[in-house]
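Okay, here's what each chain looks like letter by letter:
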Amino acid sequence: MGTSAARGGAYTLVVRGELDDRFAYLFNGLDLERIAGTTVLSGSVTDQAQLHGYIARVEELGLELVSVKQTDEPAD
């Protein structure tokens, strides 16, 4: 597969609402920061499957996903 989409990188996911710290374990490995009515989840994502898992978790919790952004390119 060798494409950067299949590898990992650092990502930021923003959800509407301010999640309590007790939700952090549901997004293991991501940092959780509350900013002006949103929660910013950021950190390293191993691969596309893990990223989709985080997005699915947002959906399972009934949260509104505001944005997903790759913040760096994976190393070759």
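Worth saying up front: this structure is predicted, and the values here are computed from it rather than measured. (Residues numbered from 1 in each chain as written. Predicted model: local features only at pLDDT ≥ 70, side-chain atom pairs only at ≥ 80, totals over all residues. Heavy atoms only, no water.)

**Re the pattern of salt bridges**
Spelled out, the test is: The rule for a salt bridge is simple: a side-chain nitrogen of Lys or Arg has to be within 4 Å of a carboxyl oxygen of Asp or Glu. Under the DSSP-based scheme used, a helix requires at least four consecutive residues in state H or I and a strand at least two consecutive residues in state E, with every element numbered from the N terminus. Using a 1.4 Å probe on the protein chains alone, a residue whose accessible area is under 20% of its type maximum counts as buried, one over 50% counts as exposed, and one in between counts as partly exposed.
Applying the stated criterion to the full structure yields four salt bridges. For Glu-64, the salt bridge is made with Arg-16, and the minimal N-O distance between the two is 3.0 Å. Of this pair, Glu-64 sits in the loop between helix H1 (48-60) and strand E4 (65-70) while Arg-16 sits in strand E1 (residues 9-16), placing them 48 residues apart in sequence. The class of Arg-16 is partly exposed, set by a relative accessible area of 45%. Across the pair Glu-60 and Arg-57 runs a salt bridge, and its minimum N-O distance is 3.2 Å. Here Glu-60 and its partner Arg-57 are both found in helix H1, three residues apart, which amounts to about one turn of the helix.

**A few points about the environment of Gly-17**
We count it as follows: Between two residues, a contact is recorded if the distance between any of their heavy atoms is within 4.5 Å.
The topology assignment puts Gly-17 in the loop between E1 and strand E2 (31-35). Sequence separation of Gly-17 and Ile-35 is 18 residues, and the distance between their C-alpha atoms is 9.1 Å. Residues within four places of Gly-17 in sequence aside, it is in contact with Gly-37, Thr-38 and Thr-39.

**Considerations on the packing of aromatic side chains**
In plain terms, the rule: Pairing of aromatic side chains here covers Phe, Tyr and the six-membered ring of Trp, requires ring centres within 6.5 Å, and sorts the geometry by plane angle: under 30 degrees stacked, over 60 edge-to-face, intermediate tilted.
One pass over the structure, following the stated rule, counts one aromatic pair. For the ring pair Phe-27 and Tyr-54, a centre distance of 6.3 Å and an interplane angle of 40° mean the geometry is tilted. Residue Phe-27 is located in the loop between E1 and E2, and its partner Tyr-54 is located in helix H1; the two are separated by 27 residues in the primary sequence. For the pair Phe-27 and Tyr-54, one class covers both residues: buried.

**Looking at unusual backbone geometry**
Positioned with a positive phi, Ala-36 is a non-glycine residue whose angle comes to about 45°. Considering the arrangement of structural elements, one finds Ala-36 in the loop between E2 and strand E3 (38-45). The exposure class of Ala-36 is exposed, given its relative accessible area of 78%.

**Details of the side chain of Thr-38**
Our working rule: We call two N or O atoms a polar contact when they sit within 3.5 Å, provided that within protein one can donate a hydrogen and the other can accept it, with sequence-adjacent residues counted only if both atoms are side-chain atoms.
By the element assignment, Thr-38 lies in strand E3. Here the side chain of Thr-38 touches Ile-35 through a polar contact of 2.6 Å, landing on its backbone oxygen. For Thr-38, the residues in contact, after removing those within four places along its chain, are Val-14, Val-15, Arg-16, Gly-17, Glu-18 and Glu-33.

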